[in-house]
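Commentary on secondary and tertiary structure
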Amino acid sequence: MKEEAVLLEKNPEQKVEAREVVPCIMPDLRVQIGSLALRNPVMTASGTFGYAREFENLVDLDRLGGIIVKGISLHPKPGNPPPRIVETACGMLNAIGLENVGVDRFISGKMPYLRKLATPVVVNILGDSVEEYSEIARKLDGAKGVAALEVNISCPNVKKGGVAFGTVPEMAAKVTEAVRRSTTLPLIVKLSPNVTDIVLMARAVEDAGADAVSLINTLIGMAIDPITRRPRLANVIGGLSGPAIKPVALRMVWQVAQAVSLPVIGIGGITTANDALEFLLAGATAVQVGTANFYDPSAAENIVQGITDYLQEQGEDCLVDIIGTLKTGTD
Amino acid sequence: MSEFQQKCSILNRDRLAPDIFRLTLQAPKIAAKAQPGQFVMVRVIDGLDPLLRRPFSIHRSYADGSISLLFKVLGKGTAMLARRCVGDELDLVGPLGNGFDFSDERPVCLIGGGMGIAPLLFLAEQLHSSGRATEKDHVLLGARNKDELTPLADEFSALGYTVQLATDDGSIGRKGFIPDLLDFVLPIVEQVYTCGPHLMMENVVRQCQQAEVHCQVSLETHMACGIGACLGCTVNGKRGLVRVCQQGPVFNADHLEWSLV
């Protein structure tokens, strides 16, 4: 082995030969979310990746595990007035207010591009009523190229819908059941951290027919300008995201992963492969990269590579073997 | 639009005034595509605080594959950027946005206030290098004091423009605001390009509308991504919200709702 290492260093031509002698097995990064098969566990979070095309020059979209597009409502939404974003320490607050093109224009205008991608496209959906959620789900059920739905019951930036559905277990169950009846697509329910006990919410949507849960959405926060004595967001309050929320997200993912038998998708401040690995060890089957897409468009791709490197270094052949292997206590 | 993410090393760091800096960066891909009015998103450090990139308009673009950025230290991000040294690498995404439309009307007037002067030098150079005579074109620059206007004013003059200055303290040029100078220029120009503080641009736009002179404005807002994904940089247009990063940063002034921007 020592001799081989020397050869590798000194003579690049030998490198190929040496590799043939000792083949390097690429670890298997595939994971399964219900019936949704992903080639790797790294997805992009809703609201941070537009309709994917925005990133086409900067990211190899086909290297991602999944793409979750901007939240789609039944009718187009104009969103909240500006200013809509504020930077905070290691994070950002947003009050975009779910601006989107509406489900019909999404299907006719955005899906033709998305369905050309090799990466599964998950559509995040939101409604002001249980009926609206059902109707959007029905429309997307028939749209070619949609791999799964992520039900957003957790946006803090809208007055109707979002928060109420995401903070009352009975309401969350009702929305989940209604969407379940409207589609055969894999169903992920995205949970809010702005609750007393997120485990209760996870159990409620599990019982109601969800195939997976994703968590967390943003934490409600605010920022004030002392000079003008005004809030920095026109909406006064907004959703906090970015590395600042990672410890909270990780704790919630760990608690939920222990309490439910559904796959859990971890979200919250994931910027590096190490961040993603923390979530996977805590029990997440997959992760979503959110705010990092804004400040480092290559973050998700780098995380895929970093996880691959980690598995090789650890001598692991399959990613699924490390999921939930967090050691606690004296074990 | 074709943008790139690339590590760019700092070739030059000039301190033009106590808190105004000009960085020249080796950015061949960006320089090759850059148009006046476009911008780049810069990570001022590799760490997480500050987290977001900062948008900077492209101040100059050179044939050797470098670009320069002009900025004033205003907060944490710009203070950190000002401390970066020659040889350091910065992560840039760009060129982004639409840029100025400078195909037709002339003579033109370029009106810059403060750091809003930055993209106008690139525009001035482009207009100049396209072979058109610049003697009839005007440049109005405003800033707090003399320090903030030199050597920028000289660089516009060197291209053949008629340059007029205004400063808050009267240390160079006229004491007062840019719009005071505009009364003399508007009757003789066809097209105005402006970039600067909101209040200055609002006044410029109002005067242009009264004089029926076309006006293009370059806006600055907070942005998270710069590529149209975060929807954080929207402002009020006449037909609803518009994204500064993608539909701008340059707009036809008549398409914006100035009272609400």
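Residues numbered from 1 in each chain as written. Chains lettered and ligands numbered in written order. Predicted model: local features only at pLDDT ≥ 70, side-chain atom pairs only at ≥ 80, totals over all residues. Heavy atoms only, no water.

Let's talk about helix α9 (residues 273-281) of chain A
Residues and elements named next belong to chain A. Under the convention used in this document: Buried means the residue's accessible area, taken with a 1.4 Å probe over protein chains only, is under 20% of the maximum for its type, while exposed means over 50%, and partly exposed covers the values in between. Under the DSSP-based scheme used, a helix requires at least four consecutive residues in state H or I and a strand at least two consecutive residues in state E, with every element numbered from the N terminus. By definition, residues are in contact when any of their heavy atoms lie within 4.5 Å.
Residues of α9 that are buried include every one of A273, D275, A276, L277, F279 and L280, and no others. Summarising the contacts, the buried residues of α9 are in contact with α8 (246-259), β15 (264-267), β16 (286-289) and α11 (299-314). A positive phi of about 120 degrees marks G283, the residue just after α9.

Observations concerning the environment of A253 of chain B
Along the chain, A253 of chain B turns up in the segment after β16 (250-252). Those residues in contact with A253 of chain B that sit more than four places away from it in its chain are V205, Q209, C215, V217 and W258 of chain B.

A few points about the interface of chain B and chain A
The test is simple: Note: buried area is the sum, over both parts, of the accessible area (probe 1.4 Å) each one loses when the two are combined. We define a salt bridge as a contact between a side-chain nitrogen of Lys or Arg and a carboxyl oxygen of Asp or Glu at a distance within 4 Å.
Residue-level contacts link 30 residues of chain B with 29 residues of chain A. When chain B packs against chain A, close to 2400 Å² is buried across both sides, 62% of that on carbon and sulfur atoms. Across the pair R54 of chain B and E87 of chain A runs a salt bridge whose closest N-O atoms are separated by 2.8 Å. Only β1 (4-17), β14 (234-237) and β15 (240-243) of chain B provide two or more residues apiece to the side of chain B that touches chain A. A per-element tally of the side of chain B that touches chain A places β14 of chain B first, with 3 residues.

Considerations on the packing of aromatic side chains
Let me state the cut-off plainly: Any pair of Phe, Tyr and Trp rings, taking the six-membered ring for Trp, is counted once the centres come within 6.5 Å. Such a pair is stacked with planes under 30 degrees apart, edge-to-face with planes over 60 apart, and tilted for the rest.
Tallied over the entire structure, the rule returns 6 aromatic pairs over all chains. Seen in terms of ring centroids, F49 of chain A and F55 of chain A are 4.1 Å apart; in terms of plane orientation they differ by 15 degrees. Their pairing is stacked. With relative accessibility at 1%, the residue F49 of chain A sits in the buried group. Judged by centre distance (5.5 Å) and plane angle (85 degrees), the ring pair of F100 of chain B and Y193 of chain B falls under edge-to-face. Here Y193 of chain B lies in strand β12 (residues 191-195) and F100 of chain B lies in the loop between β7 (89-96) and β8 (108-113), a separation of 93 residues in the sequence. The two residues F100 of chain B and Y193 of chain B agree in class, both being buried. By way of ring pairs, the aromatic residues F21, F56 and F71 of chain B are connected into one cluster.

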